[in-house]
Amino acid sequence: MDFSLTKEQEMLKKLAAQFAEEELEPMAQEIDEQHVFPVENFAKMAKQGFTGVNIPEEYGGAGGGQLEKAICVEEFCKKCMSSGATLSIHLMAPETILKHGTKEQKEKYLPQLTKGGVLGAFALTEPSAGTDAAGVRTTAVYDEATDEYILNGTKCFITGGSRADILVIFAMTEPKLGTKGMSAFIVERAFEGFDHGKIENKMGLNGSETAELVLEDCRVPAKNMLGKKNKGFGMAMGALDSARVGVAAQAVGCAEGALELAVQYASERVQFGKPINRLQGIQWYLAEMKTKTEAAKALMLNAVYAAETKKRYSIEASMAKLFCSQTAREVVNLALQIHGGYGYMHDYPLERMYRDAKLTEIYEGTSEVQKLVISRSLVK
């Protein structure tokens, strides 16, 4: 399998790396400390075309696919996980609308989410429906008099939920049918009855706001149903496969960024009269970090390839997310160890990266969920 990039993809990688170094890295520490959403970062991303990198040009996108998305997310997360994660999760909204939306829905919403700089969000998780996505309790009742659906319920842990203007929200149109009674809707922040609640105070990824959504008689035009009625669960599972590839790219970028910092520090830090990179113990750490990072990247690219060539790629996505997220945590941990006491200090980026890396093992399906998905393909 050839993972080499085309000339255009190499140019995109270079552009994304330059953007991350010049625009994202200088703000990374500040947005982590202040727990603020990188509004300036996102506006600049939109201007450069990153917020629609995987959407066709006819809808304001850059015309790329899963690989182009992974390239950008990976490069961004080398310098600022919060910004890279914000982009990765945002792209779930236009991607889902592109795949399942009507012509009118695509023409109305996709240009806003791509070149328009409008933030998107994907809202499935609820207090009773985390790992068990079938536990969704939000309801959508049709009002024939107004040709609207009335949504009631609460969503939690929604990335960008407090800032997004266009959201893909899942609700039960026929609760008695279980997963076969779930539907998806395109919801605008301006719709009556929509609000956000608590903004979570997280351990890491502090610059990527995670919020509660409150739907109280939220009126959504019937024409804003996304896809067919009662077909939302399959749509959600397909979107999660793509999201898991995105998280794998986040994790790979984080690991690569930590490795770069470790190599640089080990060459500059002098102990016992020589740079510590001359010490065999440090060399072995670096060798282990490099090997795991390259293996993780290969598995992530394998998932990207599957996403672009297969109808279903749940196994590949789960394997990539499982291994890449574990690798990010392990590589960042070793990088911090190489830095010694300095790595533990808040003034150095590794302390932030260590906290950020952990979430890749949790969101879009925990590592345990990924193991379940993978094992089911083996145990008949």
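Here is what the cut-offs are and how they apply
Residues numbered from 1 in each chain as written. Predicted model: local features only at pLDDT ≥ 70, side-chain atom pairs only at ≥ 80, totals over all residues. Heavy atoms only, no water. Helix = DSSP H or I, 4+ residues; strand = E, 2+ residues; numbered from the N terminus. Rg over C-alpha atoms; globule rule 2.2 N^0.38 Å. Buried < 20%, exposed > 50% of the residue type's maximum accessible area, 1.4 Å probe, protein only. Axes fitted to C-alpha atoms, helices over the stretch in contact; angles between N-to-C directions. Parallel < 35°, antiparallel > 145°, perpendicular 65-115°, else oblique. Left-handed = near helix turned anticlockwise from the far one by under 90°. Contact = heavy atoms within 4.5 Å. Nonpolar A, V, L, I, M, F, W, Y, C, P; charged D, E, K, R; others polar. Domains from an automatic or database assignment. Buried area = accessible area lost by both parts, 1.4 Å probe. Salt bridge = Lys/Arg side-chain N within 4 Å of Asp/Glu carboxyl O. Phe/Tyr/Trp six-rings, centres within 6.5 Å; stacked < 30°, edge-to-face > 60°. Pairing = 2+ DSSP bridges.

So, the overall build of the protein
Helix and strand counts for the protein stand at 12 helices and 10 strands. The C-alpha radius of gyration of the protein comes to 21 Å, within 12% of the 21 Å expected for a compact globule of 380 residues. Considering only C-alpha atoms, the protein reaches an extent of 80 × 50 × 40 Å along its principal axes. Here the protein holds 380 residues, and 54% of them are scored as buried.

So, the packing of helix 7 (residues 232–268) against helix 11 (residues 349–359)
At a minimum axis separation of 11 Å, helix 7 and helix 11 run at an interaxial angle of 155°. Of the possible angle classes, the one that applies to helix 7 and helix 11 is roughly antiparallel. As for how helix 7 packs across helix 11, the hand of that crossing is left-handed. Across from Cys254, Gly257, Ala258 and Leu261 in helix 7, the residues of helix 11 making contact are Pro349, Leu350, Met353 and Ala357. For the contact of helix 7 with helix 11, the residue count by class is seven nonpolar, one polar and no charged.

A closer look at the domain arrangement of the protein
What the domain assignment reports for the protein is domain 1 (7–115), domain 2 (120–230) and domain 3 (234–376). Between domain 2 and domain 3, the C-alpha centre-to-centre distance is 31 Å. Contact residues are listed per partner, giving 12 residues for domain 2 and 11 residues for domain 3. Together, the buried faces of domain 2 and domain 3 total about 970 Å²; carbon and sulfur atoms form 78% of this surface. The three residues of domain 2 that bury the most area against domain 3 are Phe122, Met203 and Leu205, which together make up 46% of that side's buried surface. On inspection of domain 2 and its partner domain 3, the count reaches zero salt bridges.

Overview of the packing of aromatic side chains
One pass over the structure, following the stated rule, counts seven aromatic pairs. Consider the rings of Phe19 and Phe76, whose centres lie 5.5 Å apart with planes at 35°: the pair is tilted. Of this pair, Phe19 sits in helix 1 (residues 7–34) while Phe76 sits in helix 3 (residues 66–79); the two residues are 57 residues apart in sequence, bridging distant segments of the chain. A single burial state applies to Phe19 and to Phe76, both of which are buried.

Observations concerning the pattern of salt bridges
Across all of its chains, the model carries 25 salt bridges by this definition. Here Arg219 makes a salt bridge to Asp143, at a shortest N to O gap of 3.2 Å. Of the two residues, Arg219 sits in strand 7 (residues 210–221) while Asp143 sits in strand 2 (residues 139–143), which places them 76 residues apart along the sequence. A network of salt bridges, in which partner residues are shared, links Lys13, Glu74, Glu75, Lys78, Glu256 and Lys297.

Describing the pairing of strand 5 (residues 182–188)
Counted residue by residue, strand 5 has six buried out of seven residues, so it is predominantly covered. As defined by bridge partners, strand 4 (residues 166–172) adjoins strand 5 across seven bridges and the pair is classed as antiparallel. Considered in strand 5, the bridge of Leu167 is made with Val187. Pairing of strand 5 with strand 8 (residues 225–226) involves two bridges; the strand directions are antiparallel. The partner of Ala184 across the bridge, within strand 8, is Leu226.

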